[in-house]
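# Report on the structure
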Amino acid sequence: MFSGSMDILVIESPNGLYKSSSFHVRFGSLKVIKSKEQEIEIFVNSKKTNVTMKLSSSGDAYFQYDESCPQINQQNLYDKEIKENLKEKDDLLKNDYNLFKKKYKSFFPSSNQIKELNLKPGQNEICFVCRTSSSGIQTLKSSIYLWPHNSKIVISDVDGTITRSDVLGQVLPIIGGDWTHEGVAELFTKITKQGYKILYLTSRAIGQSSMTKKYLDSLIQEKKSLPPGPLIMSPDGVFTSLKREVIERKPHLLKIPVLSELKNLFPQDSKPFYAGFGNRETDGVAYRYLDIPLNNIFIIDTSSRVLRLGETQKSSYKLLADKVEEIFPLIDN
Ligand code: CA
């Protein structure tokens, strides 16, 4: 099993509470972790924080709450089973509090824990440190982004949308020559200059996170690189069974729950997703599901021709870059 940690998105709500996307942190190379309470330290921008996680025997890190934590009543639960257990327990709770000192696992920190991370606006570096006597010190790094609740987000698929091939990118991370769609770096850079945030979404597994990040960072076209943004991946540990059944053949089914989770970070009636880029019809289905307007959905083919949904004529990233002010009007922020 591979190690990796996924980028994280944090949104500060208008009432000052913080919500984060799930912390997917996997120490896959630690063979067997026998000690039950192995602690994971968290560093942000090279500073140690007071926030810690625990490590499961499978190598996945999690936060632990007891039932007094209000978060237990929200959606942020480790899995459905716990939710169902809790329902049963609600009645029993009335009888005796002491019976239920059970701990609950979650991939989400509480708002107070997020506050303790001391994030600065925009991109921050987060580092997860595991110290064991058998395997020494192991670290995993990723980015954690603090964005305002009124952010306008442009989602981009990675394989086939930034890279030319849907498959090749998965197998060969970096091959020489022309492995990307021309003009993508310029277009995305221009979009961010208009005030939008870019979010990269891939159905790659978490074990490929550092490889995929390097790969996106290494992309340079005409001296332009891709703008920074969270790289959100397939939380394979969580959805494994579901994935086996349906997602393998229908990748948009994976994107919908992942994007829905992100949407839930924002105030209820807001529409944080402004536009979406993909290379498959199913990307369009997922983006539509997330309320992205039809003509803000862009599907690129293997010949780098871009179809703006609702239109018949195909365009290109270069042509879109020329029209960026019209499609992505300037946001004051
Ligand atoms: Ca794709």
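Residues numbered from 1 in each chain as written. Predicted model: local features only at pLDDT ≥ 70, side-chain atom pairs only at ≥ 80, totals over all residues. Heavy atoms only, no water.

### A closer look at the pattern of salt bridges
Rule in force here: Put simply, a salt bridge is a Lys or Arg side-chain nitrogen that is within 4 Å of an Asp or Glu carboxyl oxygen. Going along the chain from the N terminus, every DSSP run of H or I of four or more residues is numbered as a helix, and every run of E of two or more is numbered as a strand. Throughout, exposure labels follow a simple rule: accessible area from a 1.4 Å probe, protein chains only, divided by the maximum for the residue type, with under 20% read as buried, over 50% as exposed, and the rest as partly exposed.
Across all of its chains, the model carries 11 salt bridges by this definition. With a shortest N-O distance of 2.9 Å, Asp157 and Lys255 are connected by a salt bridge. Of the two residues, Asp157 sits in strand 11 (residues 153–157) while Lys255 sits in helix 7 (residues 251–263), which places them 98 residues apart along the sequence. Its relative accessible area of 5% is what places Lys255 among the buried residues. Here Lys190 and Glu186 are joined by a salt bridge, their closest N and O atoms 3.8 Å apart. In this pair, Lys190 and Glu186 are both assigned in helix 4 (residues 184–193), 4 residues apart and thus about one turn of the helix distant. The exposure class of Lys190 is partly exposed, given its relative accessible area of 29%. Taking the relative accessible area as the measure of exposure, Glu186 reaches 24% and is therefore partly exposed.

### Brief notes about the side chain of Arg308
Quick note on the threshold: Here a polar contact means two N or O atoms within 3.5 Å. Within protein one must be a hydrogen donor candidate and the other an acceptor candidate, and residues neighboring in sequence count only if both atoms are side-chain atoms. Should any heavy atoms of two residues lie within 4.5 Å, those residues are counted as being in contact.
Within the secondary structure, Arg308 is located in strand 18 (residues 306–308). Within the structure, the side chain of Arg308 is placed 2.6 Å from the backbone oxygen of Asn295, a separation counted as a polar contact. Beyond its immediate stretch of four places on either side in the chain, Arg308 contacts Asn295, Asn296, Ile297, Phe298 and Ile327.

### So, the packing of aromatic side chains
We apply this condition: Geometry of aromatic contacts follows a simple scheme: Phe, Tyr and Trp rings, the Trp one being its six-membered ring, pair when their centres are within 6.5 Å, and the pair is stacked under 30 degrees between planes, edge-to-face over 60, tilted otherwise.
The final tally for this structure, using the stated rule, is 11 aromatic pairs. Ring centres of Phe23 and Phe63 lie 5.2 Å apart, and the angle between their planes is 75 degrees; on these two criteria the pair is classed as edge-to-face. Here Phe23, found in the loop between strand 3 (18–20) and strand 4 (25–26), pairs with Phe63, found in strand 7 (residues 61–66); they are 40 residues apart in sequence, far enough to count as distant. Looking at Phe63, the relative accessible area reads 1%, which means it is buried. With centroids separated by 6.5 Å and ring planes inclined at 55 degrees, the aromatic side chains of Phe188 and Tyr317 adopt a geometry described as tilted. A residue pair is termed long-range when its members are at least 10 positions apart, and Phe188 in helix 4 and Tyr317 in helix 9 (residues 317–322) qualify at 129 residues. Taken individually, Phe188 and Tyr317 each receive the classification buried, so the pair is uniform in this respect. Three or more aromatic residues joined by ring pairs make a cluster, and in this case those are Phe188, Tyr196, Tyr274, Phe277, Phe298, Tyr317 and Phe328.

### As for the confidence of the model for the protein
Put simply, the test is: Confidence of the prediction at every residue is given by pLDDT, a number between 0 and 100.
When pLDDT is averaged along the protein, the result is 81, and 76% of the positions lie at 70 or above. In the predicted structure, residues 88–102 sits below a pLDDT of 50 and forms 12 contacts with residues beyond four places in sequence or in another chain. Overall, residues 237–246 carries pLDDT values under 50, and its contacts beyond four positions in sequence, including any with other chains, amount to 10 contacts.

### Some remarks on the nonpolar core
We apply this condition: Each nonpolar core is a collection of buried residues, namely Ala, Val, Leu, Ile, Met, Phe, Trp, Tyr and Cys, held together in the definition by side-chain atoms within 4.5 Å.
By size, the foremost hydrophobic cluster in this structure holds 53 residues, and its most contacted members are Phe188, Ile191, Phe277 and Phe328. Ranked by size, the runner-up nonpolar core spans 24 residues in total, among them Ile42, Ile126, Ile144 and Leu146.

### So, helix 8 (residues 281–289)
Basically, it comes down to this: Taken from the helix axis, the directions to the C-beta atoms give the arc we talk about.
Within helix 8, burial applies to Asp283, Gly284, Ala286 and Tyr287. The buried side chains of helix 8 occupy one side of the element, clustering within an arc of 160 degrees when seen end-on. Exposed side chains of helix 8 directed beyond 90 degrees from the buried face belong to Glu281 and Tyr289. Phi for Asp291, located one or two positions after helix 8, is positive at around 75 degrees.

### Points about the environment of Lys115
Tracing the sequence through the fold places Lys115 in helix 2 (residues 111–116). Distance in space between the C-alpha atoms of Lys115 and Leu17 is 8.6 Å, their sequence separation being 98 residues. Once residues lying within four places of it in the same chain are set aside, the contact partners of Lys115 are Gly16 and Tyr18.

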